[in-house]
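# Observations on chain architecture
What follows is the residue order along each chain.
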Amino acid sequence: MTEDNEVRSLANGSRGRRFALSSVGLLVSGVLLFHFGMTALHNSPFNPVRERYDEQIHAYMSPYFQQDWHLFAPNPIADDAGWLVRAQKREPDGSVTTTDWVDVTSPHIAKLHRQRFWPSRVERLAPSVRQQLESWRDPQLDKLRLENSPADAGKSADRGDPTDARELDPPLTPGELIGRDNTLLYIRALASDEATALWGERISAVQVRVVTNEYPRFSERKVRSNKGKIEYYDLAWMKPLKVAR
């Protein structure tokens, strides 16, 4: 091979490598731009673009790219929440009885406190019910819904109950509908598992009560008689799910 052929071969190889590197760079840049753009749209306040493409944005971001920021100091804890469960149970004679409410949150929290170093992930599920109820709706749209709700329904509109069948203004977006369905499935599965463990396999329906204990304000911390404010609301009765234990 002559010297000219060697130079030409090296030049062609160099151009090929440059083309490959440029193609890879453009591809990576395009993927990153697309990802950052979808992330920005997902975290932005509700807008016409999100209204038009909310389902596609939610499908891309969930579950692997969901944003959950805890970098900065959170708001001080102002309340404590838990949930209770009861069930409708089929008796051997064919009748149906309703059980009493049972606290299912405190036992799991007690187990977590005993497992300081390697806490079980299973024990974390029950205390997270209220978080699931509060996270499936868009906060900006919820402010509008609360303003557009009748005065007597304001509290119901504010709590994010996925079993609330009222017409909302504005209506739920496709992403919120997916979040609502996932939340209901999550709560039904937990309630069914707890009810089955408590009352056996003959349950025909389960119901969840969410209880919130709002702590006394800091200015009233020295008033011994002030125990805070307790509020609760009940989800609708739900058909139990078969959960593998």
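Each remark here, short or long, concerns the structure printed above.
Residues numbered from 1 in each chain as written. Predicted model: local features only at pLDDT ≥ 70, side-chain atom pairs only at ≥ 80, totals over all residues. Heavy atoms only, no water.

Before going further, it helps to spend a moment on a nonpolar patch on the surface. Together, Val24, Val28, Leu32 and Phe36 make up an exposed nonpolar region whose accessible area comes to about 370 Å². Counting through the fold element by element, Phe36 comes out in helix H1 (residues 3-43). Overall, Phe36 belongs to the exposed group, its relative accessible area being 53%. (Patch = residues over 30% accessible without salt bridge, like charges linked within 9 Å, V, L, I, M, F, W, Y side chains within 5 Å. Areas by Shrake-Rupley, 256 points an atom, 1.4 Å probe, with all protein chains shown as cover. Salt bridge = Lys/Arg side-chain N within 4 Å of Asp/Glu carboxyl O. Helix = DSSP H or I, 4+ residues; strand = E, 2+ residues; numbered from the N terminus. Buried < 20%, exposed > 50% of the residue type's maximum accessible area, 1.4 Å probe, protein only.)

A few words on the pairing of strand E1 (residues 79-90). Relative to strand E4 (residues 203-214), E1 runs antiparallel, the two sharing eleven bridges. Counterpart to Gly82 in the pairing with E4 is Val211. The pairing of E1 with strand E3 (residues 102-103) spans two bridges and is antiparallel. When the sheet's bridge partners are listed, Leu84 is paired in E3 with Asp103. (Pairing = 2+ DSSP bridges.)

One way to put it is that helix H2 (residues 48-61) packs onto helix H7 (residues 174-199) with a least axis distance of 7 Å and a crossing angle of 45°. The angle between H2 and H7 falls in the class oblique. Note on element contacts: H7 touches H2 through Pro174, Gly175, Glu176 and Ile178, opposite Asp54, Glu55 and His58. When the residues that make up the contact of H2 with H7 are grouped by side-chain class, the tally is two nonpolar, two polar and three charged. (Axes fitted to C-alpha atoms, helices over the stretch in contact; angles between N-to-C directions. Parallel < 35°, antiparallel > 145°, perpendicular 65-115°, else oblique. Contact = heavy atoms within 4.5 Å. Nonpolar A, V, L, I, M, F, W, Y, C, P; charged D, E, K, R; others polar.)

Glancing now at the pattern of salt bridges. Tallying each qualifying case throughout the model produces seven salt bridges. With a closest N to O distance of 3.2 Å, Asp142 and Arg145 form a salt bridge. Linking Asp142 with Arg145, this pair stays in helix H5 (residues 139-148), spanning three residues, or about one helical turn. According to the relative accessible area criterion, Arg145 is buried, its value standing at 1%.

Ranked by internal contacts, the top residues of the largest apolar core, which has 18 residues, are Trp83, Ile187, Val206 and Val208. Here this core takes five residues from H7, the largest share from any one element. With residues near it in sequence (within four places) discarded, Val208 still touches Trp83, Leu84, Trp101, Ile187, Ala191, Tyr233, Asp234, Leu235 and Met238. (Core = buried A, V, L, I, M, F, W, Y, C linked by side-chain atoms within 4.5 Å.)

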